Amino acid sequence: MAQSAPPRAPKTDGRSVLPFPARAAANRSAKPWDLVDELTARGALDGQTALTARRAAQRIGIEADEVLAHRRAVSTAELTEARAAVTGLKAIDLEAHPPDKALIHALGPARALQLCVLPWRRAGRATIIVAPSRGAFEAARADIETAFGAPRLALAGRAEIIASIRRDHDKALITRAEARVAPVDSSRTLHIKHWPDVSLIALAVLLFGLCAAPQAIFASLLAWALLTLLATLAGKAMAAFATLRAGRRDTDPPFQGMGLETLPKITILVALYRETDIAAHLIACLRRLNYPRERLEVLLVTESDDITTQDTLARTDLPHWIRQISVPIGHVKTKPRALNFALDQCAGEIVGVYDAEDAPEPDQLLRVAAHFKAADAEVACLQGRLDFYNPRKNWLARCFTLEYAAWFRVVLPGLAKLRLPVPLGGTTLFFRAAALHALGGWDAHNVTEDADLGLRLTRRGYRTELIDTVTYEEANCRLWPWVRQRSRWIKGYAITYAVHMRRPRALLRDLGLWGFLGMQVLFLGTLSQFLLAPLLISFWAAALGFDHGLVGLMGRDAAVSMTGLFISAELLNLAVLVLGLTRTSHRGLWVWAPTLMAYFPLGTIAAYKALYELFGRPFYWDKTSHGISKDAKAENA
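Below is a short write-up of the structure. (Residues numbered from 1 in each chain as written. Predicted model: local features only at pLDDT ≥ 70, side-chain atom pairs only at ≥ 80, totals over all residues. Heavy atoms only, no water.)

Along the backbone of the chain there are 24 helices and twelve strands. With 637 residues in all, the chain has 53% of them scored as buried. For the chain, the proportion of contacts with a sequence separation of at least 24, taken over those separated by at least 6, is 79%. Here the chain has roughly 28,300 Å² of accessible surface; of this, 59% comes from carbon and sulfur atoms. (Helix = DSSP H or I, 4+ residues; strand = E, 2+ residues; numbered from the N terminus. Buried < 20%, exposed > 50% of the residue type's maximum accessible area, 1.4 Å probe, protein only. Contact = heavy atoms within 4.5 Å. Areas by Shrake-Rupley, 256 points an atom, 1.4 Å probe, with all protein chains shown as cover.)

With that out of the way, let us pick up the sheet that holds strand β8 (residues 350-354). The eight strands are arranged β7-β6-β5-β8-β11-β10-β12-β9 in an open sheet whose pairing can be described as mixed. The two strands at the open ends of the sheet, each matched to only one other strand, are β7 (322-327) and β9 (359-360). With six bridges connecting them, strand β6 (residues 296-303) and β7 associate as parallel partners. Among the inter-strand pairings, Leu299 is bridged to a residue of β7, identified as Arg323. Along the sheet, helix α12 (residues 307-314) contacts β6 and β7; its crossing angle with β6, the most-contacted strand, is approximately 140°. The sheet strands contacting helix α13 (residues 335-343) are β5 (266-271), β6, β7 and β8, and the helix crosses β7 at an angle near 115°. (Pairing = 2+ DSSP bridges. Axes fitted to C-alpha atoms, helices over the stretch in contact; angles between N-to-C directions.)

Next up on the list: empty space enclosed by the protein. On inspection of all chains with the given rule, the structure shows two cavities of 30 Å³ or more. Its boundaries defined by the atoms lining it, the second largest cavity holds a volume of some 40 Å³. Contributing to the lining of the second largest cavity are Pro99, Asp100, Lys101, Ile104, Leu118, Pro119, Ser164, Ile165, Asp168 and His169. Elements with a contribution of two residues or more to the lining of the second largest cavity: β2 (118-123) and α8 (158-177). Among the elements that make up the lining of the second largest cavity, the one with the highest residue count is α8 (four residues). Residues of the lining of the second largest cavity, tallied by class, amount to five nonpolar, two polar and three charged. (1 Å grid on protein atoms, 1.4 Å probe; cavity = no way out; pocket = protein on both sides within 12 Å on 5 of 7 lines; lining within 4 Å. Points joined across faces, edges and corners; volume = space filled by probe spheres on them. Nonpolar A, V, L, I, M, F, W, Y, C, P; charged D, E, K, R; others polar.)

The subject of this paragraph is the pattern of salt bridges. In this structure the tally under the stated criterion is 29 salt bridges. In this structure, Arg54 engages Asp37 in a salt bridge whose closest nitrogen and oxygen atoms are separated by 3.0 Å. Separated by 17 residues along the polypeptide, Arg54 in helix α2 (residues 47-60) and Asp37 in helix α1 (residues 35-41) bring together distant segments of the chain. Residue Asp37 is classed as buried on the basis of its relative accessible area, which comes to 10%. The closest approach of N and O atoms between Asp170 and Arg166, which form a salt bridge, is 2.9 Å. Here Arg166 and Asp170 lie together in helix α8, a separation of four residues that amounts to about one turn. Bridged by salt links that share partners, the residues Arg134, Glu138, Arg141 and Glu145 form one connected network. (Salt bridge = Lys/Arg side-chain N within 4 Å of Asp/Glu carboxyl O.)

The α-helix advances 3.6 residues per turn, and as a result positions three or four apart in sequence lie on the same side. By the criterion of burial, helix α14 (residues 364-374) is predominantly enclosed, with eight of the eleven residues buried. Among the residues of α14, Gln364, Leu365, Leu366, Val368, Ala369, Ala370, His371 and Phe372 are the ones counted as buried.

With mixed pairing, four strands are arranged side by side in an open sheet as β1-β4-β3-β2. With partners counted over all chains shown, the strands left at the sheet margins are β1 (90-91) and β2, one partner each. Examined bridge by bridge, strand β3 (residues 126-131) and strand β4 (residues 151-155) share five bridges and lie parallel to one another. For Ile129, the partnering residue across the bridge sits in β4 and is Leu153. Against the sheet, helix α7 (residues 141-148) contacts β2, β3 and β4, and its axis sits at roughly 150° relative to β3.

To continue, consider unusual backbone geometry. The phi dihedral of Cys116 falls on the positive side, at around 55°, and the residue is not glycine. Since its relative accessible area comes to 7%, Cys116 is described here as buried.

Together, Leu203, Leu206, Leu207, Phe218 and Leu221 make up a nonpolar patch on the protein surface, roughly 400 Å² of accessible area in all. Of all the secondary-structure elements, those providing two or more residues to the nonpolar patch are α9 (195-212) and α10 (214-246). Residue contributions to the nonpolar patch peak at three residues, all from α9. Here Leu206 lies in helix α9. (Patch = residues over 30% accessible without salt bridge, like charges linked within 9 Å, V, L, I, M, F, W, Y side chains within 5 Å.)

Shown next, in the form of structure tokens:
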């Protein structure tokens, strides 16, 4: 092999990058020398693997070394050493030679993680910056020069850079994860400790009113219950009409013709906690995603003290494109806190969220990429449709499936079409990473972080759209776990409403009158209906001939009108449920729709549990157990 001169310092378009001296490069051929050649010459890479990497890189539109790194075809140390030899830069062993801890504060550990660069040492008037590649360094150049002035570039592996930053700054990072959202937009600044006193005063006033004027109090509560019922019915009817009017006109853009080189990098976050049976199913479902692995990164986010999940993953063979992130112990332990901690370590332009039991359709990420490419820049979030793989497990599972069919196939698409806030579903969510960072991620203290984030997206001028792809998950088919899950959702709705209504004028300004009214119906109307459901249900007893104290005061016309409202409500609910079912593969479940009259009152039990927790444990995350319907899960895996 012919000898060639050592590589010259890379061109920098006139900007200052002072290369570290590197040891003499290996032999070069007459053709342009690249990293794959260097690795092959070193014996770290065989010819067939090198050829496969080049072909994959050409097909996908990335550098061959990125393919090798992603597939772990060579070790990080070998890749970094070869990259240093080719570029003339110095490779740094960050474990043997740790960075100056004080330097990173000029950039911030979170920003350093996002950019994957590490301020290492001062060298005269320059600062040595460690990055995994020149491309990563160039992407971070503006931030680096703002913080440090003229930089000098050195190399280390991406995993080593992240580990070095975390080793010294985990405490600061977890503190930030718990407080990413601005105080005025976060539930952590609600003065919940005073709520018990306020509630006791309100309860005392209510009891006094019931003793002094019981009929007036009950009449007032009934009037509010009927008003919110009418408002929620109107909102549901408008959403259904908007969905019907859209029809099939708004189908997702085709993805079959998309070139692989145009596909964005996607990072999927999966928060796991106390999982024992779900890991194998989850990995199997993720393996079926037909998205190029070099464009995909999956982060399994676990709690550092969750030995159960750690042991489960240790027994699981994880593919090279899936890695685990351990979240340090902090002041709260919630899913949004874990997602916030992982967010700064996401390399994707798009960040998605799945739940542990999810089984997404194989082409889902291709549809997401195509939709974002065709959508306006203001579309910052895509919500997939959720369905169940155990819809016939029992009566509760059937009713849950009916409810989800109406919610994800009719109501949410209608809200999006009406440009109203869309309370997100918690999973099968995909965000433009830049927009998610701009919003401050998730509210770590809110137990319905999805609904809150949907509202904050709308307030910031972003839009959410529904995409025609399905993720199957496990229906909560046991009574008490169902009540606990629904209680968490209702508690989160109450907290979200309280947070955003602290400044009603600002909320009105951000949402406009239309959005503001829609938010009132969606949150306050839903909460009111759950809490006052027993009062409304009591009138069905009157219809059956039982005595009711308020019926005699209402007059015949009012009683007839209220009966008509009740019947209209049930008919509308039935119509929306059936409409949603026609857009799923569960059409045969329509015969169970009338039984939802017994299903929805269960939400009242959950509502009063939520009300109790609101004053004692507002940030407590009542985790939903997974892996119950193993037979159905196996059939769909």
